[in-house]
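Here's the letter readout for the chains.
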Amino acid sequence: MNTNNILTEEKLQRLLEYGENFTVEYKTCRNCLSSSVFETVCSFSNRYSGFILLGVEDSGKVVGVEKNAVEKIKKDFINTLNNPTKIHPSLFLNLEEAECNGKTILWVYVPVNSEVQYCDDKIFDRNGDADQNITKSVDLVANLFNRKSHTFYEKQLFPYVTTKHLR
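The model shown is predicted, which means the values in this text are computed figures rather than measured ones.

Caption draft 1: Representation of the pattern of salt bridges in the model. Overall, the coordinates contain 11 salt bridges when judged by the stated rule. Of the charged contacts in the structure, one is a salt bridge between D120 and K86, with a shortest N-O distance of 2.8 Å. In this pair, D120 sits in the loop between β6 (118–119) and β7 (122–127) while K86 sits in the loop between α3 (70–81) and β3 (87–88), placing the two residues 34 residues apart along the sequence. Residue classification places D120 among the partly exposed residues on the basis of a relative accessible area of 32%. With a shortest N-O distance of 3.4 Å, D125 and R147 are connected by a salt bridge. Of this pair, D125 sits in strand β7 while R147 sits in helix α4 (residues 138–151), and the two are 22 residues apart along the sequence. Residue D125 is classed as buried on the basis of its relative accessible area of 6%.

Structure below.
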């Protein structure tokens, strides 16, 4: 079992202590989702993976998500991830709840995807602690496709494999 995507209390404290970076993003989102959440989902899916923490300011201060907004935010998150005009290809992620300093935060671990992820028909990649729209940069998009093609093998051709090798 991969424990990198489990958020324990100790791991949450470390994520808050070290601040935003290539694999950690904070979003205030006290009572609704901001559209930038999905740009970050796309960036993490296209780069190294990462944790998104809702209810946390950019400074790392935990402000919490309003209790009466938690279920709506969770529902909106899932619905948006399954909307092909917003996110393509669809991702199957859920926001989880955690308590920190008596406040509710929502979090999600976004794994890296073998396919290039799009948000609003744009390609985002992670650059430090920022989500960068690289759609119009031929070099950056080519680098992204190249990085994914060398990391994931399901789309590579294996010329010496025949049906005799399959069980």
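Caption draft 2: Expanded view of the packing of aromatic side chains. Applying the stated criterion to the full structure yields four aromatic pairs. Note on F22 and Y48: the rings are 5.5 Å apart at their centroids and 70 degrees apart in plane angle, and the pair reads as edge-to-face. With F22 in the loop between α1 (9–18) and β1 (24–27) and Y48 in the loop between α2 (36–46) and β2 (50–54), the pair connects residues that are 26 residues apart, well separated along the chain. Taking NZ or CZ as reference, R47 lies 5.3 Å from the ring centre of Y48, over its face.

Caption draft 3: Seen up close, unusual backbone geometry. Residue P89 is bonded to the preceding H88 through a cis peptide linkage, with omega at -10 degrees. Locating P89 in the fold gives a position in the loop between β3 and β4 (96–100). Backbone geometry at D120 places phi at a positive 55 degrees, although glycine is not the residue there. Of note, the phi angle at D121 is positive, near 60 degrees, even though the residue is not glycine. Within the fold, D121 resides in the loop between β6 and β7. With a relative accessible area of 65%, D121 lands in the exposed category.

The rules behind the values
Residues numbered from 1 in each chain as written. Predicted model: local features only at pLDDT ≥ 70, side-chain atom pairs only at ≥ 80, totals over all residues. Heavy atoms only, no water. Salt bridge = Lys/Arg side-chain N within 4 Å of Asp/Glu carboxyl O. Helix = DSSP H or I, 4+ residues; strand = E, 2+ residues; numbered from the N terminus. Buried < 20%, exposed > 50% of the residue type's maximum accessible area, 1.4 Å probe, protein only. Phe/Tyr/Trp six-rings, centres within 6.5 Å; stacked < 30°, edge-to-face > 60°. Lys NZ or Arg CZ within 6 Å of the ring centre and 35° of its normal.

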